[in-house]
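An overview of the molecular structure
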Amino acid sequence: MMKRGGLLLLFLEVFFSLRTYAEGTLTVDSDSVSVQHSLNEVVVTGTRNRTDIRHLPMTISIINSDVVEERHAPYLLPVITSEVPGFFSTSRGIMGYGVSGGSAGSMSIRGISSSSGGLMVLIDGHPQYMGIMGHPVADAYQSPMAERVEVLRGPASALYGSNAMGGVVNIVTKQLKDDGVETDIDAGYGSFNTFQSGISNSVRKGRFSSTVNGTYNRTDGHRRDMGFEQYGGYVKLGCDISDKWGLGGDTNVTHFNASNPGEIDDPLIDAKQHITRGMASLFLKNEYKRSSGNISVFYNWGHHKINDGYTTDPNDDDEAKDYLYYSNDNMFGVSAFQNLRFFEGNNITLGVDYFRFGGKAWNAYFNGTERSLTDKTENEIAGYVGVRQTLLRFMTIDAAVRIDHHSSAGTEWIPQAGVSFNMRRDMLLKFMASRGFRFPTIKEMYMFASANPDLKAESLWNYEISFSQALPETGISYGVNLFYIDGRNMIYTNMINGRPKNVNSGAIDNAGVESQIKYLINRNWSVNANYSFLHMENPVLAAPQHKLHVGASFNMGRWSASSTIDYINGLYTQTGTNAMTESFVLWNIYGSFKAAKWIDIWVKGENLLAQRYEIIAGFPMPKATFMGGFNINI
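Residues numbered from 1 in each chain as written. Predicted model: local features only at pLDDT ≥ 70, side-chain atom pairs only at ≥ 80, totals over all residues. Heavy atoms only, no water.

Glancing now at the overall build of the chain. Looking only at helices and strands, the chain features five helices and 38 strands. For 634 residues, the compact-globule formula gives about 26 Å, and the C-alpha radius of gyration of the chain, at 24 Å, lands near that figure. Here the chain holds 634 residues, and 56% of them are scored as buried. Considering only contacts in the chain between residues 6 or more positions apart, those separated by 24 or more positions represent 61%. Counting every atom, the chain has about 26400 Å² of accessible surface; 58% of that belongs to carbon and sulfur. Across the chain, the 55 positively charged side chains and the 62 negatively charged ones have centroids separated by 5 Å. (Helix = DSSP H or I, 4+ residues; strand = E, 2+ residues; numbered from the N terminus. Rg over C-alpha atoms; globule rule 2.2 N^0.38 Å. Buried < 20%, exposed > 50% of the residue type's maximum accessible area, 1.4 Å probe, protein only. Contact = heavy atoms within 4.5 Å. Areas by Shrake-Rupley, 256 points an atom, 1.4 Å probe, with all protein chains shown as cover. Lys, Arg positive; Asp, Glu negative; His and termini not counted. Charge placed at Lys NZ, Arg CZ, Asp CG, Glu CD.)

Here it is as structure tokens:
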């Protein structure tokens, strides 16, 4: 629970916080200390082409690489959680999320969770999720690959289909814009024998570009039997065939070994996970004066080997299992779209998507026999059209519709519409209504005792209004948005005739407010804060009622330092008749010293108030942790 000292520090931090929030761009003229703020960030997530964010009615947050690098976090989720209002991700330790029982890395936006596939993660626009279970795997998203992260809060199903019901996290990978070579090496060591490292090399020479990343991370964990080890690599190649056409491809592979210690009052023995996840894609893009587009082919795969362990509690019937769980899943996709601009302020997007996903899961017994759990493949094909038109220079109308057919769950129509007003003094007013949906996963339809092959798609409507303004002469920018979500046919597991069964019986009635403010005081000091409030008629896990982030940043000469505080209140760690909630404050400090032009020495301390708290019931988080290391940039 939150301590009084934590509350005091929280309010002091709110009062004195001085840091930049990356949902726009702020620049400082080093000679005159004049401040300029720009709202015309270019994004790729709210539409299928590069678009000025002012013309899009949806709410999009942008986290640039300097914010990610400042935290020296090996994974992206902690940074996104603190920087984006309305977004939250679960954690169980200092490093590593894992899969299966006791896993973490579940993400939620406005109370819509990724654990069942309600939130989509993209890498350069390509969907990333397990073919059988239908959800993303958090350990596959390392920081060294990211140039920026764009988070679309609210349904994006009209463009991205199923699994984008609650929102989208798009990881935009690194790529040099000018000719040259850049290499970045980051390594650190700290509490609980934790080691993290990453190396990134980017090259651009004429029409050719490449990016290569490698990572290795490990920890003993803050509890017994909580070790974690992960290593992976990412390669991206590109070639401009001509001034109008470009060709490229990438691949990302990560492997991790994780131990699950079980709940603190009911520990597990021999709960081990060995997971490999990978993806690869090829794309061909074009860029003309009045037209641009892309066709891409991508493939995701995974191999899981899991021992779910056993408990020695005499009140449980658990015994050491005589089998291991295995699964091989995959997802193949083809995506093509073309943007057409017939006259000023006009953009029409036409696109088609095809996905084939599935896999095989089985129990392999030590006596050499096997028992199949599923061996299934599903298909999905969709077409969509989007229209955006600017009128009278200050109003932009945006509308889209998608028709999406699933080989088992049927056909869905998904509309969205919105309008943006770009008013005087850099004020933006936006209205948005969008439908989101999610087809049932192979797990829900065909695996375990609760399987139901007759499930239909989940569906919701999201309505929101947002207002933002930048005041260049003061260095202040701020924004606030209100939303309401009405969802039906949510897939729940109910007892029917004495047996569990997945059925479309649930409902969502969520409403809330999200806000952020940024203040660049001068060339040395800056400030940001963001806050979100979420009301849920039917509470879900990992979606706090109140979430506040504030921070301070100071830069002068070779020194830089920042401090952040995150306040979480009303976080459900367990729902139902024995519901439990958590509230806590996390105070973190980051600092670096530029020892030479090419090397920085950095340190960080997290949870400095040594809060006792849980994000997942039965998995206490570590108290204060410390780490130090170096960053080489040549």
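Back to the text.
In this structure the tally under the stated criterion is 19 salt bridges. Between Arg277 and Asp329 there is a salt bridge whose closest N-O contact spans 2.7 Å. Of this pair, Arg277 sits in strand E20 (residues 269-287) while Asp329 is found in strand E22 (residues 323-340), placing the two residues 52 residues apart along the sequence. Ionic pairing is found between Asp353 and Arg402, a salt bridge with its closest N-O pair at 2.9 Å. Of the two residues, Asp353 is situated in strand E23 (residues 346-365) and Arg402 in strand E25 (residues 395-406); the sequence distance between them amounts to 49 residues. Since its relative accessible area comes to 3%, Asp353 is described here as buried. For Arg402, a relative accessible area of 0% puts it in the buried group. Sharing partners across several salt bridges, the network here consists of Arg110, Arg153, Glu464 and Glu514. (Salt bridge = Lys/Arg side-chain N within 4 Å of Asp/Glu carboxyl O.)

Right, let's talk about the sheet that holds strand E11 (residues 146-153) for a bit. Two orientations exist for strands paired in a sheet by backbone hydrogen bonds: parallel and antiparallel. Strand order across the open sheet formed by five strands is E5-E11-E12-E9-E10, with mixed pairing between neighbours. Looking at strand neighbours, the two that pair on one side only are strand E5 (59-64) and strand E10 (126-127), the edges of this open sheet. Relative to E11, E5 runs antiparallel, the two sharing six bridges. Across the sheet, Ile60 pairs through a bridge with Leu152, a residue of E11. (Pairing = 2+ DSSP bridges.)

Sheet topology note: the strand E24 (residues 370-391)/E25 ladder contains 12 bridges and is antiparallel. Paired with Val385 across the two strands is Val401, which belongs to E25. Following E24, the chain reverses through three residues before pairing antiparallel with E25; Leu392 in that reversal takes a positive phi of roughly 55 degrees. Examined bridge by bridge, E25 and strand E26 (residues 410-423) share 12 bridges and lie antiparallel to one another. Within E26, the position partnered with Ile397 by the bridge is Val419.

Attention now moves to the sheet that holds strand E7 (residues 107-109). Here three strands make up an open sheet; going across it, the order is E6-E7-E8 and the pairing antiparallel. Strand pairing shows two members of the sheet lacking a second neighbour, strand E6 (87-89) and strand E8 (112-113), which therefore form its edges. Across two bridges, E7 lies against E8 in antiparallel orientation. Residue pairing for E8: Ser108 is matched across the bridge by Ser113.

Here the chain averages 90 in pLDDT, and 93% of its residues register 70 or above. Per-residue pLDDT, averaged within each element of the chain, yields its smallest value for strand E1 (residues 25-28) (34) and its largest for strand E35 (residues 599-606) (97). Counted against residues more than four places away or in other chains, residues 1-38, with its pLDDT under 50, gives 116 contacts. (pLDDT = per-residue confidence, 0-100.)

Before going further, it helps to examine the packing of aromatic side chains. Evaluation of the coordinates by the stated rule reveals 16 aromatic pairs. Between Tyr299 and Trp301, the ring centres sit 6.1 Å apart and the planes meet at 25 degrees, which makes this aromatic pair stacked. Ring centres 4.9 Å apart and planes at 80 degrees place the aromatic pair Phe437 and Phe439 in the edge-to-face group. Judged by relative accessible area, which is 4%, Phe439 ranks as buried. Directly above the aromatic system of Phe483 lies the positively charged group of Arg110, at a separation of 4.4 Å from the ring centroid. (Phe/Tyr/Trp six-rings, centres within 6.5 Å; stacked < 30°, edge-to-face > 60°. Lys NZ or Arg CZ within 6 Å of the ring centre and 35° of its normal.)

Tracing the chain through its elements places Ser242 in the loop between strand E16 (228-240) and strand E17 (245-259). For the pair Ser242 and Asn286, spaced 44 residues apart in sequence, the C-alpha to C-alpha distance is 9.4 Å. There is a polar contact of 3.2 Å between the side chain of Ser242 and the backbone nitrogen of Lys244. (Polar contact = N/O pair within 3.5 Å; in protein donor to acceptor, adjacent residues only side chain to side chain.)

So, on to the pairing of E16. The side chains of a regular strand alternate between the sheet's two faces. The sheet contact formed by strand E15 (residues 208-219) and E16 spans 12 bridges and is antiparallel. The residue bridging Thr215 from the neighbouring strand is Gly232, located in E16. As paired elements, E16 and E17 share 13 bridges and run antiparallel to each other. Considered in E17, the bridge of Tyr231 is made with His255. In this antiparallel pair of consecutive strands, E16 and E17, the connection spans four residues.

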